[in-house]
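Coordinate inspection notes
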Amino acid sequence: MGLARIFRRERLDNYLQSDQHFAKTMTAKDLMSLGIGAVIGTGIFILPGTIAAQYSGPGIVLSFLIAAIVCSTAAMCYAEFASVLPVAGSAYSYGNLVFGEIIGWVLGWALILEYVLAVAAVANAFGAYFKSFLAGFNLNLPNAITGPYDPAHGTYGNLIAILVVFFISWLLNRGMRESMRINNAIVIVKIAIIILFVAVGIFYVRPSNWQPFAPFGSKGILRGASTVFFAYLGFDVVSASAAEVKNPKKNMPIGIIGTLIVATVLYMLVAIVLTGMVHYTRLNVADPVSFALTLVHQNWTSGIISLGALAGMFTMMVTMIYSSSRLIYSVGRDGLLPKFLGKIDDQTGTPQHSLVVVTIVIALLGGFVPLAQLTNLVNIGTLVAFLFVSFGILRLRHLPDLPHNTGFQVPLYPYLPILSGLLCFYMMLQLPAETWIASSIWFALGLLIYFGYGLRHSRLNDQ
């Protein structure tokens, strides 16, 4: 088995045939709900304050705008792929179709890292937030069940993190139609709470707090943009649902690009109001939004913000667990992981086996393992996928066996895809050295699994 074999490409009709068993129930509204659920989390209540204090000042508004423009280049590449290749698996499947199996596997392995670590870390944080939320009602959970396994500090597992992961998995297993109704409702609550903060806070804005607008200069605004760039990551999970979408050519671009637009507007509104309420020099605190509301004696609103944070984390976990199960299904479908993972239940139209495996892994990580030092690995996994998807557009347009010119198309081709790929590579270079070392170990492990198991069991061997 030489280079020609590992770079052999999968056929689109095989994917379409395998994925036809999914129930196609999702609309553009559902896709935007999924995307907003993934992108808008607790960060919207933290980042605008801390980044303003450290780097950008009130110019944080421009930092969010610049980061959104950078992200939009990758978003448009995803939108083109998702509209013309409506298959499960997101960047993993795109890599298999345009570059070959080995690239698809690397992208899939990167996305497994992104999805599993991200949702495990959020589950961990959800447990801590929920504990403090209950404490506000004088309901105190035993310390032993509220943290990762650390007997020296009296914690043996985060029970809330484990329970919320299993609850979300149970919801998703009932089918996407019911899951989306609940997810959509919670996303609406989350957006309503953000708008409530803006509506209340705007009455306490003092324009003098916006002076100086860029205390650290343009360099500070760009530094802020490179930091808040990661707040937009998550819109790519929308593409994982392509096989379950009604009219993907129309709805996938709306879901992906619409997510980015709504997220940008919300981030900028919060940033404008927050830096207008409180001078940026006072916002380097753990909870700047709650801090600002307390300063203007709106303590009741501060409690609602905590509820918004919980809602943000919940919808993020719904999206990521959903996307993880579809990704593992796709890899199992191709035989690169055990094939039972690539089965779809006839009654619910969901990949139950992959959902169960993902749930157990995430519950164990979120409930027992401290993950604070691993969150940068989420970013590098995402950026690797962004990089290949961006340059993949150049190849997609020139492969005669794949459709093109049939759905959304990236404008300014080929310049914008190239720019997107270069920007993603630049963002990867901004990550610390320890992140590169840890990710190298992860990818080396992935290649061992591919050459030791996946290559021998791949569905491509049967063709």
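Model, not experiment: these values are computed from the prediction. (Residues numbered from 1 in each chain as written. Predicted model: local features only at pLDDT ≥ 70, side-chain atom pairs only at ≥ 80, totals over all residues. Heavy atoms only, no water.)

Helix and strand counts for the protein stand at 17 helices and two strands. The C-alpha atoms of the protein give 22 Å as radius of gyration, which agrees with the globular expectation for 463 residues (23 Å, within 12%). A total of 463 residues make up the protein; the buried ones form 57% of that total. Restricting the contact set of the protein to residue pairs at least 6 apart, pairs at least 24 apart contribute 82%. Treating the 26 positive side-chain charges of the protein as one cloud and the 18 negative ones as another, the clouds have centres 5 Å apart. (Helix = DSSP H or I, 4+ residues; strand = E, 2+ residues; numbered from the N terminus. Rg over C-alpha atoms; globule rule 2.2 N^0.38 Å. Buried < 20%, exposed > 50% of the residue type's maximum accessible area, 1.4 Å probe, protein only. Contact = heavy atoms within 4.5 Å. Lys, Arg positive; Asp, Glu negative; His and termini not counted. Charge placed at Lys NZ, Arg CZ, Asp CG, Glu CD.)

Looking now at the pattern of salt bridges. Pairing between side chains of opposite charge can happen when the charged atoms of each approach one another. One pass over the full model with this rule turns up ten salt bridges. Residue R326 pairs with E244 through a salt bridge whose shortest N-O separation is 3.0 Å. In this pair, R326 sits in helix α13 (residues 299–333) while E244 sits in the loop between α10 (217–228) and α11 (248–277), placing the two residues 82 residues apart along the sequence. For the pair shown, R326 and E244 are each scored as buried. (Salt bridge = Lys/Arg side-chain N within 4 Å of Asp/Glu carboxyl O.)

Note: strand β1 (residues 146–150) against strand β2 (residues 155–158), three bridges, orientation antiparallel. Its bridge partner lying in β2, D150 is registered against T155. Two successive antiparallel strands, β1 and β2, enclose a turn made up of four residues, where G154 displays a positive phi of approximately 80°. (Pairing = 2+ DSSP bridges.)

Relative to the elements of secondary structure, V389 occurs in helix α15 (residues 375–396). The contacts of V389, once residues within four sequence positions are left out, are C77, Y78, F81, A91 and Y94.

Right, let's talk about the nonpolar core for a bit. Ranked by internal contacts, the top residues of the largest apolar core, which has 147 residues, are F197 and F235. No other element matches the 18 residues that helix α7 (residues 101–135) contributes to this core. Among all residues touching F235, those that are not within four sequence positions of it are V39, C71, A74, A75, Y78, I256, T259, L260 and F386. In this structure, A88, A243, Y329 and I344 belong to the second largest nonpolar core, which totals five residues. (Core = buried A, V, L, I, M, F, W, Y, C linked by side-chain atoms within 4.5 Å.)

Here we take up the side chain of S420. Within the secondary structure layout, S420 lies in helix α16 (residues 415–429). Apart from the residues within four sequence positions on either side, S420 is in contact with T73, A74, C77 and S390.

Our next topic: α10. The end-to-end C-alpha separation of α10 is 17 Å, in line with the 16 Å expected for twelve residues at 1.5 Å each. Buried positions along α10 lie against α4 (47–56), α5 (60–84) and α16. (Expected span 1.5 Å × (residues − 1).)

For the structure shown, the criterion picks out 19 aromatic pairs. When the ring of F22 is compared with that of Y329, the centres are 5.1 Å apart and the planes differ by 80°; the resulting orientation is edge-to-face. Of this pair, F22 sits in the loop between α2 (12–19) and α3 (28–39) while Y329 sits in helix α13, and the two are 307 residues apart along the sequence. Each member of the pair, F22 as well as Y329, carries the same accessibility label: buried. Both rings, one in F167 and one in F314, keep their centres 6.2 Å apart while their planes meet at 45°; by these two values the pair is tilted. A residue pair is termed long-range when its members are at least 10 positions apart, and F167 in helix α8 (residues 159–173) and F314 in helix α13 qualify at 147 residues. Since its relative accessible area comes to 40%, F167 is described here as partly exposed. In this structure an aromatic cluster arises from ring pairing among W105, W109, W442, Y450 and F451. The ring of Y15 carries the charged tip of R333 above its face, separated from the ring centre by 3.7 Å. Residue placement shows R397 over the ring face of Y413; its charged tip is 4.1 Å from the ring centre. (Phe/Tyr/Trp six-rings, centres within 6.5 Å; stacked < 30°, edge-to-face > 60°. Lys NZ or Arg CZ within 6 Å of the ring centre and 35° of its normal.)

What follows is about the side chain of S83. Within the secondary structure, S83 sits in helix α5. Here S83 falls in the buried class, since its relative accessible area comes to 0%. Here E80 takes part through its backbone oxygen, which lies 3.0 Å from a polar atom of the side chain of S83. Excluding anything up to four places from it in sequence, S83 contacts P248, K249, M252, P253, G407 and F408. (Polar contact = N/O pair within 3.5 Å; in protein donor to acceptor, adjacent residues only side chain to side chain.)

Here the focus is the confidence of the model for the protein. In this model, the protein carries a mean pLDDT of 90, and residues with pLDDT of at least 70 account for 98%. Across the protein, the secondary-structure element scoring lowest on mean pLDDT is β1, at 82, and the one scoring highest is helix α6 (residues 91–98), at 96. (pLDDT = per-residue confidence, 0-100.)

Here we take up a nonpolar patch on the surface. On the surface, Y149, Y156, F166, V356, I360, L364, F368 and V369 cluster together into a nonpolar patch covering about 740 Å² of accessible area. Ranked by residue count, the leading element in the nonpolar patch is helix α14 (residues 352–368), at four residues. As for its placement among the helices and strands, F368 is situated in helix α14. What makes F368 partly exposed here is its relative accessible area of 32%. (Patch = residues over 30% accessible without salt bridge, like charges linked within 9 Å, V, L, I, M, F, W, Y side chains within 5 Å. Areas by Shrake-Rupley, 256 points an atom, 1.4 Å probe, with all protein chains shown as cover.)

We now examine the environment of Y413. You can see Y413 is positioned in the loop between α15 and α16. Measuring from C-alpha to C-alpha, the distance between Y413 and I393 comes to 8.9 Å, with 20 residues separating the pair along the chain.

Further remarks concern α4. Counting buried positions along α4 yields eight of ten residues, so the element is predominantly enclosed. Those residues of α4 that sit buried are P48, G49, T50, I51, A52, A53, Y55 and S56. In this structure, the buried side of α4 is in contact with α5, α10, α11 and α12 (288–295). Immediately beyond the C-terminal end of α4, within one or two residues, lies G57, with a positive phi of roughly 65°.

Right, let's talk about the packing of α3 against α11 for a bit. It is the contact of α3 with α11, at a shortest axis distance of 8 Å, that shows an interaxial angle of 40°. In terms of orientation, α3 lies oblique with respect to α11. Along this stretch, α3 crosses α11, giving a crossing that reads as right-handed. On the side of α3, the interface is formed by A28, L31, M32, G35, I36 and V39, while α11 contributes N251, M252, I254, G255, G258, T259, V262, A263 and Y267. (Axes fitted to C-alpha atoms, helices over the stretch in contact; angles between N-to-C directions. Parallel < 35°, antiparallel > 145°, perpendicular 65-115°, else oblique. Left-handed = near helix turned anticlockwise from the far one by under 90°.)

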